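Listed below, chain by chain, are the residues.
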Amino acid sequence: MSTQEVSVPAVPPASGAWRAGDSRGGRKFSRIGNVTLERGGRLDDVEMAYETWGTLSPTGDNAVLVLHALTGDSHVTGDAGPGHPTPGWWNGLIGPGRELDTDRWFVVAPNVLGGCQGSTGPSSPDPGSADGSPYGSRFPYITVRDQVTAEVALSDRLGIDRWALVVGGSMGGMRALEWAVMEPERVERLFVLASTAAATGDQIAWCSAQMMAIRCDANFHGGDYYGAGPGEGPHNGLGVARRIAHTTYRSEAEINLRFGRLPQPGENPLGGDGRFAVESYLDHHADKLTHRFDANSYLVLTQTMNSHDVGRGRGGVAAGLGRVTARTAIAAISSDRLYTPGQNAEIAAGIPDCAPLRVIDSPYGHDGFLVEVERVGEILVELLGEPAQPALATH
Ligand SMILES: CC(=O)SCCNC(=O)CCNC(=O)[C@H](O)C(C)(C)COP(=O)(O)OP(=O)(O)OC[C@H]1O[C@@H](n2cnc3c(N)ncnc32)[C@H](O)[C@@H]1OP(=O)(O)O
Ligand SMILES: N[C@@H](CCO)C(=O)O
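- You'll find the protein chain entered in an unreviewed UniProt entry as Homoserine O-acetyltransferase, with Kineosporia mesophila given as the organism.
- As stated in UniProt under Subcellular location (unreviewed entry), the record for the protein chain gives "Cytoplasm".
- We quote the UniProt Subunit (unreviewed entry) comment for the protein chain here in full: "Homodimer."

Written out as structure tokens, the structure is:
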């Protein structure tokens, strides 16, 4: 196992210019070697960052893989701190006596390939460059399947042959699903939330506007902005992308009920440069993201989501889903307008050993998979409580 513990304090980048390595603190790292890419080419000397909770059993039968969404990271649970720009995104779900009970389960959460929280991504040093400069525009096009390939290599290095459960929401759900299609014999149980079997035209359209916002920022420089000083990166474009995305992450009803036409306190949105409260809310979420996330990673990961199609090269979505042998639970958020209950129902209908679709009744839209932690925990407990499946022969 080529892993190493590092403890380098994180320094959040000043708004804009991202520095690779800012977020190494508090994580484990594994060099997984070269990753051959689905669309051709290779990423050399790939490093994966991850966190773990609990202890791997002597037989290795208690490992749970948790996969984060677009702007998440390996910090599933715990406080913000060095290496962790945000508190855990499913805070409280992992620990002794918790839903993912660390007295029983060994939980692993990697940062995704192409991300910016420790795993190799566009802000990482390019091993092919003479001076170790970041990939920037040289970072290749990668797909969800490439991300899973990297996670499979990480699993090999951790000595985990088979996951008792692979779970993820949204983009994490895409990877969880691909895991179960690409490596069915290594996935005993599967839990996918608020996701889709293939990115839809609607999802690609929203992503397209977000990517264009970043690329149109004069400080983007084609993706080679890492030499720019603090505040000179494409943070305006990334902020616009986040505003667009965040709106799709919440439901129309919630936004109207919570903010409606209210002015931001102390501001007059009519006829001046004052803001409506909802504008201020989006400004806040945009500002927070630009202080913790790399615009190139946002582009790369958004493209991978657009690449997602479990049916590509497999005879279609139904044939792809039909490969899954895991005992499966699929959950949707009732008010999710981005990854709709209908899209999640399609996944549930296509997987042979899948319980009926669970619809979590929530006003929070797509973000419900992050907000409704208790409901997520209930489904996890149910799925993990079911008897284990015998390992299937590799095919
Ligand atoms: C795994 C992952 O997906 S990523 C890791 C966690 N996710 C993120 O950070 C994604 C961005 N954030 C979100 O998507 C959501 O905030 C969630 C899902 C994490 C939490 O949702 P909620 O609890 O419903 O929070 P909500 O969306 O209401 O945002 C609350 C924030 O808005 C701020 N806010 C609310 N109204 C206003 C306003 N009128 N003006 C300015 N700010 C406002 C609050 O002060 C609060 O700020 P804080 O988060 O800095 O404390
Ligand atoms: N809030 C989530 C939504 C995407 O699934 C994120 O930023 O990752």
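Now that the structure has been shown, the text picks up again.
## Some details on the domain arrangement of the protein chain
Here comes step 1: Assigned domains within the protein chain: domain 1 (28-199 + 309-384) and domain 2 (203-303).
Here comes step 2: Computed over C-alpha atoms, the centres of domain 1 and domain 2 are 25 Å apart.
Here comes step 3: Listed as interface residues are 34 residues of domain 1 and, on the opposing side, 28 residues of domain 2.
Here comes step 4: Carbon and sulfur atoms make up 59% of the area that domain 1 and domain 2 hide from each other, which totals about 2500 Å².
Here comes step 5: Among the residues domain 1 hides against domain 2, the three largest losses belong to L70, T71 and R337. Together they make up 25% of the total.
Here comes step 6: Counting across the domain 1 and domain 2 interface gives 1 salt bridge.

## Brief notes about the environment of W179
Here comes step 1: Here W179 shows up in helix α2 (residues 171-182).
Here comes step 2: A residue is classified by how much of its surface remains accessible, and W179, at 0% relative accessible area, is buried.
Here comes step 3: When the C-alpha positions of W179 and L67 are compared, they lie 11 Å apart, and in sequence the two are 112 residues distant.
Here comes step 4: With residues near it in sequence (within four places) discarded, W179 still touches L65, L67, V148, E151, V152, S155, W163, V166, P184, R186 and V187.

## Here's the deal with helix α1 (residues 144-158)
Here comes step 1: Taking 1.5 Å per residue, 15 residues should reach 21 Å; α1 reaches 21 Å between its end C-alpha atoms and fits that length.
Here comes step 2: Burial within α1 is extensive, with 12 of its 15 residues counted as buried.
Here comes step 3: Residue G159 follows α1 closely and has a positive phi angle near 75 degrees.

## Quick look at the site of ligand 1
Here comes step 1: With respect to spatial proximity, 20 residues lie near ligand 1, and among them R258, S280, Y281, H284 and D367 are the closest.
Here comes step 2: For ligand 1, an oxygen atom lies 2.6 Å from a polar atom in the side chain of R258.
Here comes step 3: The side chain of Q264 places a nitrogen or oxygen atom 2.9 Å from a nitrogen atom of ligand 1.
Here comes step 4: Considering ligand 1 on its own, with 1000 Å² of exposed area, one finds that the protein chains cover 67% of that surface.
Here comes step 5: Contributing elements (two or more residues each) for the shell around ligand 1: α4 (235-249), α6 (277-290) and α10 (368-371).
Here comes step 6: The element best represented in the shell around ligand 1 is α6, accounting for 6 residues.

## Comments concerning the environment of A349
Here comes step 1: Position of A349 among the secondary structure elements: in helix α9 (residues 341-350).
Here comes step 2: Taking relative accessible area as the criterion, A349 reaches 68% and is therefore assigned exposed.
Here comes step 3: The sequence separation of A349 and S74 amounts to 275 residues, and the corresponding C-alpha distance is 30 Å.

## Re the side chain of T71
Here comes step 1: Topologically, T71 is positioned in the loop between β4 (63-67) and β5 (94-95).
Here comes step 2: Assessed through its relative accessible area of 11%, T71 is described here as buried.
Here comes step 3: Those residues in contact with T71 that lie beyond four places of it in its chain are R242, L289, R292, F293 and Y298.

## Brief notes about the nonpolar core
Here comes step 1: The biggest cluster of nonpolar side chains holds 44 residues, and the ones touching the most others in it are L43, W179, L190 and I351.
Here comes step 2: Sorting elements by how many residues they give to this core places α1 first, with 6 residues.
Here comes step 3: Formed by 30 residues, the second largest nonpolar core is a distinct cluster that contains V107, L165, F191 and L383.

What counts and how
- Residues numbered from 1 in each chain as written.
- Chains lettered and ligands numbered in written order.
- Predicted model: local features only at pLDDT ≥ 70, side-chain atom pairs only at ≥ 80, totals over all residues.
- Heavy atoms only, no water.
- UniProt positions renumbered as here; feature names shortened; annotations may be inferred.
- Domains from an automatic or database assignment.
- Contact = heavy atoms within 4.5 Å.
- Buried area = accessible area lost by both parts, 1.4 Å probe.
- Salt bridge = Lys/Arg side-chain N within 4 Å of Asp/Glu carboxyl O.
- Helix = DSSP H or I, 4+ residues; strand = E, 2+ residues; numbered from the N terminus.
- Buried < 20%, exposed > 50% of the residue type's maximum accessible area, 1.4 Å probe, protein only.
- Expected span 1.5 Å × (residues − 1).
- Near = heavy atom within 4 Å.
- Polar contact = N/O pair within 3.5 Å; in protein donor to acceptor, adjacent residues only side chain to side chain.
- Areas by Shrake-Rupley, 256 points an atom, 1.4 Å probe, with all protein chains shown as cover.
- Core = buried A, V, L, I, M, F, W, Y, C linked by side-chain atoms within 4.5 Å.

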